[in-house]
Amino acid sequence: MSLPVLADLVAGVYLHPVRTFREVAVSAPVGRALFLYLLVSAAGALMAVLTTPRLAPHPQLAAVSGGFGFAVAVMFLAWALAKLFVYSGLLHLVAEFFGGRGSARGVFTVYGLASLPTLVLVPWHLLVTWLPGYLRVGLTVPVALGIFIWTVVLLILGVREVHGLTTARAALVVLVPPAALALGVLAAAASLLAGVGAHLGIP
Amino acid sequence: MERRRLFVIVLGVVVVLSLVAAGLLRAAPKEDGRPGAGRVGLVRVEGVLVAGAGGQFAGMTASAEEVAAQLDRARRDPNLRAVVLRINSPGGSAAAAQEITRAIERLRGAGKPVVASLGDTAASGGYWIAAAADRIVANPASLTGSIGVIIETANLAELYRKLGIGVDTVKSGPYKDMGSPARPLAPEERAIFQSMVNDVYQQFLDVVCAGRHMDRERVRGLADGRVFTGRQALEVGLVDQLGDLHEAIRWAAEAAGVPEEPVVVELTPRPWWYGLLRGIEGLVARWLPGRPAEVKVW
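Residues numbered from 1 in each chain as written. Chains lettered and ligands numbered in written order. Predicted model: local features only at pLDDT ≥ 70, side-chain atom pairs only at ≥ 80, totals over all residues. Heavy atoms only, no water.

Moving on to the pattern of salt bridges. Residue and element names in this part refer to chain B. Using the criterion set out here, one finds 18 salt bridges over all chains in the structure. Across the salt bridge formed by E105 and R102, the nearest N and O atoms sit 2.6 Å from each other. With E105 and R102 both in helix 3 (residues 94-109) and three residues apart, this pair spans about one turn of that helix. A salt bridge links E261 to R250; its shortest N-O distance comes to 3.6 Å. Of this pair, E261 sits in the loop between helix 9 (245-255) and strand 10 (263-266) while R250 sits in helix 9, placing them eleven residues apart in sequence. According to the relative accessible area criterion, E261 is partly exposed, its value standing at 39%. The network of salt bridges with common partners includes K171, D177, R183 and E189. (Salt bridge = Lys/Arg side-chain N within 4 Å of Asp/Glu carboxyl O. Helix = DSSP H or I, 4+ residues; strand = E, 2+ residues; numbered from the N terminus. Buried < 20%, exposed > 50% of the residue type's maximum accessible area, 1.4 Å probe, protein only.)

Now the structure itself:
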């Protein structure tokens, strides 16, 4: 795996995502995408382990987070890997439902590369350890939201290029699974509440 | 193309530097950040004293090398005005106690007061190192004293015979296998061991006499191996005052000329799982406020 090629891929995702994903649609660099995804996940997990004890609101919570730290980091990496396979598979399935003609390898690569913006959060997490609590929350929410939107936009662009869909259809592909999940959770919560209410005799 | 690679290099460097900085931040000793406040170092001696590197399981061994290194660090740090040695040890290797004692002497020689705060137990080697401090603060129920030296050997000859195990020994001198579990101790070997015990005992007495400013006969009267409670030890002069860790820190601060509440700098790193267990215990206590207080009598 040559470093210049890897660097060009990273820079391409940040600076010219459409062109990069168009190249991914032709020839998906699956190994490089997997490597970058694991690297970004590991860096994020490591930074969380290192900074969480200082950010925890209570000393006891800080001690627990400090103690669990590396075990949590390993679990996080395993979770991230599982998420990469499951979610990219799901995206590919939904994309086919919407008329896509791309490959699962392409979606897998797009999903891996779309995680790159979260790398920006690594230095950000360090910066916020020096900020007072109110400023930390006030600044972290918009920054995290911005990174999340950036990631979603990259996913939409990637799915569009890989599956040859319109932007609107690609957006639906990316947004339908979480929307369905949210609806499912809401429905389950509502039925649970209704059941509890009936059991307690609340009309 | 070059600009794209430069962008990636800058991003990579920023990420790596951030991780390194976060690692250093995490490794830094924890202290509160009151500027200008006097600082008192806290060094913990917990477990059986060993001269080597010690084990990973806190509470089992206290490494003399590590404790001495922490004391030397306190000596070199101009921001630390005094040191409190928190001792929870039943003793251990006399050589390990001597290494820690030498580090305490270097610290005191640098003009920094050293206070020993006794926890559950500071007996034998634990008391040896406490005796080298400027002041000893013990809880009324702390177990201390046990001034004495012991060498134990096991005679498993009968067990070996029952199991049908024979031991063949080839040795360069008559005493090379003294203390072997395969046979009883010979009278001459017992005499050699006794002379060693007596010599180390005299060294122990030297430390207690010098540290406590007590005459040898008085110390010898207390040094028959018995254990004292903190209160009994105060009565016979083996400790200076009754009190907890907080009072020991206050005394150390006052001795160092720090008038206000000092900043306490933990100099002994804890294993990662120690914080985990303490944290869980703290969270349970926080979420279950009605939990009754624990009373332990062993």
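Evaluated as defined, the whole model comprises six aromatic pairs over all chains. Judged by centre distance (5.5 Å) and plane angle (45°), the ring pair of A:Y87 and A:Y111 falls under tilted. One end of the pair, A:Y87, is in helix 4 (residues 59-97); the other, A:Y111, is in helix 5 (residues 104-113), and 24 residues separate them in sequence. According to the relative accessible area criterion, A:Y87 is partly exposed, its value standing at 21%. Following the ring pairs from residue to residue traces out a cluster consisting of A:Y14, A:W150 and B:F7. (Phe/Tyr/Trp six-rings, centres within 6.5 Å; stacked < 30°, edge-to-face > 60°.)

Quick look at the side chain of A:S88 now. Tracing the backbone through its elements, the reader meets A:S88 in helix 4. With near-sequence residues (within four places) excluded, A:S88 lies in contact with A:K83, A:V107, A:F108 and A:Y111. (Contact = heavy atoms within 4.5 Å.)

Residues and elements named next belong to chain B. Where helix 2 (residues 64-76) contacts helix 3, the two axes come as close as 9 Å, and the packing angle between them is 0°. Judged on the interaxial angle alone, helix 3 and helix 2 are roughly parallel. Note on element contacts: helix 3 touches helix 2 through A96, E99, I100, A103, I104, R106 and L107, opposite A64, E65, V67, A68, L71, D72, A74 and R75. Taken together, the residues of the contact of helix 2 with helix 3 sort by class into ten nonpolar, no polar and five charged. (Axes fitted to C-alpha atoms, helices over the stretch in contact; angles between N-to-C directions. Parallel < 35°, antiparallel > 145°, perpendicular 65-115°, else oblique. Nonpolar A, V, L, I, M, F, W, Y, C, P; charged D, E, K, R; others polar.)

Once that is clear, we can look at the pairing of strand 4 (residues 80-89) of chain B. Residue and element names in this part refer to chain B. The buried count for strand 4 comes to eight of ten residues, which makes it a mostly enclosed element. Two strands pair when backbone bridges link them, and strand 1 (residues 39-46) and strand 4 are joined in this way by eight bridges, in the parallel orientation. When the sheet's bridge partners are listed, V45 is paired in strand 4 with I87. By the bridge criterion, six bridges tie strand 4 to strand 5 (residues 114-123) in an arrangement that is parallel. What sits directly across from V83, in strand 5, is V114. (Pairing = 2+ DSSP bridges.)

The subject of this paragraph is the side chain of B:S117. Residues and elements named next belong to chain B. Turning to its location among the elements, S117 is positioned in strand 5. Side-chain polar atoms of S117 contact the side chain of R86, separated by 2.8 Å. Discounting residues that sit within four places of it in the chain, S117 has contacts with V84, L85, R86, I87, V137, D244, L245 and A248. (Polar contact = N/O pair within 3.5 Å; in protein donor to acceptor, adjacent residues only side chain to side chain.)

Quick look at the nonpolar core now. All names here are of chain A. Formed by 51 residues in total, the largest nonpolar core has its most connected members in L113 and L119. Per element, the largest residue contribution to this core is eight residues, and it comes from helix 3 (residues 30-55). Once residues lying within four places of it in the same chain are set aside, the contact partners of L113 are L9, V13, F21, V24, A33 and L36. (Core = buried A, V, L, I, M, F, W, Y, C linked by side-chain atoms within 4.5 Å.)

Before going further, it helps to spend a moment on helix 3 of chain B. Residue and element names in this part refer to chain B. Look at helix 3: 22 Å from first C-alpha to last across 16 residues, which is about the 22 Å you get at 1.5 Å a residue. Buried within helix 3 are the following residues: A96, A97, I100, T101, A103, I104 and L107. With its buried residues spanning 160° around the axis, helix 3 presents them on a single face. Buried residues in helix 3 make contact with strand 2 (48-50), helix 2, strand 4, strand 5 and helix 4 (125-131). Where helix 3 begins, the side chain of S93 points an oxygen toward the backbone nitrogen of A95, at a separation of 3.2 Å. (Expected span 1.5 Å × (residues − 1). Arc of directions from axis to C-beta.)

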